[in-house]
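Structural features, examined
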Amino acid sequence: MIFGPLVEEVRTAVKRANEKLRWKLVNSDTGNKAVAHWLFNEILQPEEKPMKNRYWFLPGGHWIPINCSPKWKVAVLIPFRDRFDHLTILLRYLIPMMQKQLLQFSIFVIEQANQDLFNRAMLMNVGYLEALNFTDYDCYVIHDVDNVPLDDRNYYGCTDMPRHFISGLDKFNYTLRYGGYFGGVSGLTKDNIIRINGFPNVYWGWGGEDDEILKRLNSAGLHITRYAGPVYHYDVIKHHHTSAPKMKERFDLLLKSHDRQKTDGLSNIVYHNPVYEFHPLYTNISVDIRRI
Ligand code: BGN
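The present account deals with the structure reproduced in this document. Note that this is a predicted model, so its numbers are computed, not measured.

**A few points about the site of the ligand**
Neighbouring residues of the ligand: Arg-177, Tyr-178, Tyr-181, Trp-206, Gly-207, Gly-208, Asp-210, Asp-211, Arg-250, Phe-251 and Leu-254. Between the ligand and the protein, one listed contact pairs an oxygen atom with a backbone N or O atom of Gly-208 at 2.7 Å. Within the side chain of Arg-250, one N or O atom sits 2.5 Å away from an oxygen atom of the ligand. In the complex, 79% of the free accessible area of the ligand, which totals 420 Å², lies under the protein chains. Contributions of two or more residues to the shell around the ligand are made by helix H6 (209-219) and helix H7 (250-255). It is H7 that provides the largest number of residues to the shell around the ligand, a total of 3 residues. Taken together, the residues that form the shell around the ligand break down as 5 nonpolar, 2 polar and 4 charged.

Here you go:
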């Protein structure tokens, strides 16, 4: 749907990119920082870089506007495991929306490759660090896979950061359950993320990590912006999965979040051998994160 008649051309480009590029990215001794852009230029032939909707498309869901210099270079980070049916729905909305907004953007799906409890915030750290391999993003949108924006005027650039993008969810009659909610879809500049030492690595299981991220921001003197009104409404995709187990220790962790801010986050994260896979609409980074 996104590519229309270009779909075959895109499939071929993606296949070629996986053959030619992937190993260079995973092979850390190439010292990859921000070289993916260069690798794409150097290694892909012009016919492997299709154009669509006034955008230059690079395999793995990287979109660069052709006729304007974009106001923001946005990395969309989607923490993920086993929700492929949600992902296809989300991307169907997200990609045309961000193209209309003339942003430069890349979509990264950060997949937890094990059966341990899901750790959304640690995947966000991985996504932030791995995205540095691609280009110098100045804006990060952290996106739950099942939150679908309903109005394409909900701008995903990093103006008035840090931001919470949601004014209401369908399941709460388009309100929020509490004013300090910071989950679902949030936006941070690169500088915001560095200022708070990234995200906590200790939240395994459902809940609390978003509250801690908000606390981190506030204690760094960063206050969030949230706009009101229907432009910022989202629908949450309904599903039949059993809910993720809630994390019992989250109350204690939250109480002590201040003590961990400097030591738990980008400063101490460890993970090994992320696996890259380019897909037409996104780059999948699969990673077996472990307790630190
Ligand atoms: C909150 C959770 C958030 C979650 C929202 C969803 C906690 C911490 C204990 C105070 N917070 O209750 O993580 O995103 O619900 O509505 O569980």
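**Some thoughts on the packing of aromatic side chains**
Under the defined criterion, the tally for this structure stands at 14 aromatic pairs. Arranged with centres 5.9 Å apart and planes meeting at 65°, the rings of Tyr-178 and Tyr-181 form a pair that is edge-to-face. These aromatic residues form a ring-pair network of at least three members: Phe-108, Tyr-128, Phe-134, Tyr-137, Tyr-140 and Tyr-276. Just above the ring of Trp-206 sits the side chain of Lys-246; from NZ or CZ to the centre is 4.9 Å. Sitting above the plane of the Trp-204 ring, Arg-291 keeps its charged end 4.6 Å from the centroid.

Parameters and conventions
Residues numbered from 1 in each chain as written. Predicted model: local features only at pLDDT ≥ 70, side-chain atom pairs only at ≥ 80, totals over all residues. Heavy atoms only, no water. Near = heavy atom within 4 Å. Polar contact = N/O pair within 3.5 Å; in protein donor to acceptor, adjacent residues only side chain to side chain. Areas by Shrake-Rupley, 256 points an atom, 1.4 Å probe, with all protein chains shown as cover. Helix = DSSP H or I, 4+ residues; strand = E, 2+ residues; numbered from the N terminus. Nonpolar A, V, L, I, M, F, W, Y, C, P; charged D, E, K, R; others polar. Phe/Tyr/Trp six-rings, centres within 6.5 Å; stacked < 30°, edge-to-face > 60°. Lys NZ or Arg CZ within 6 Å of the ring centre and 35° of its normal.

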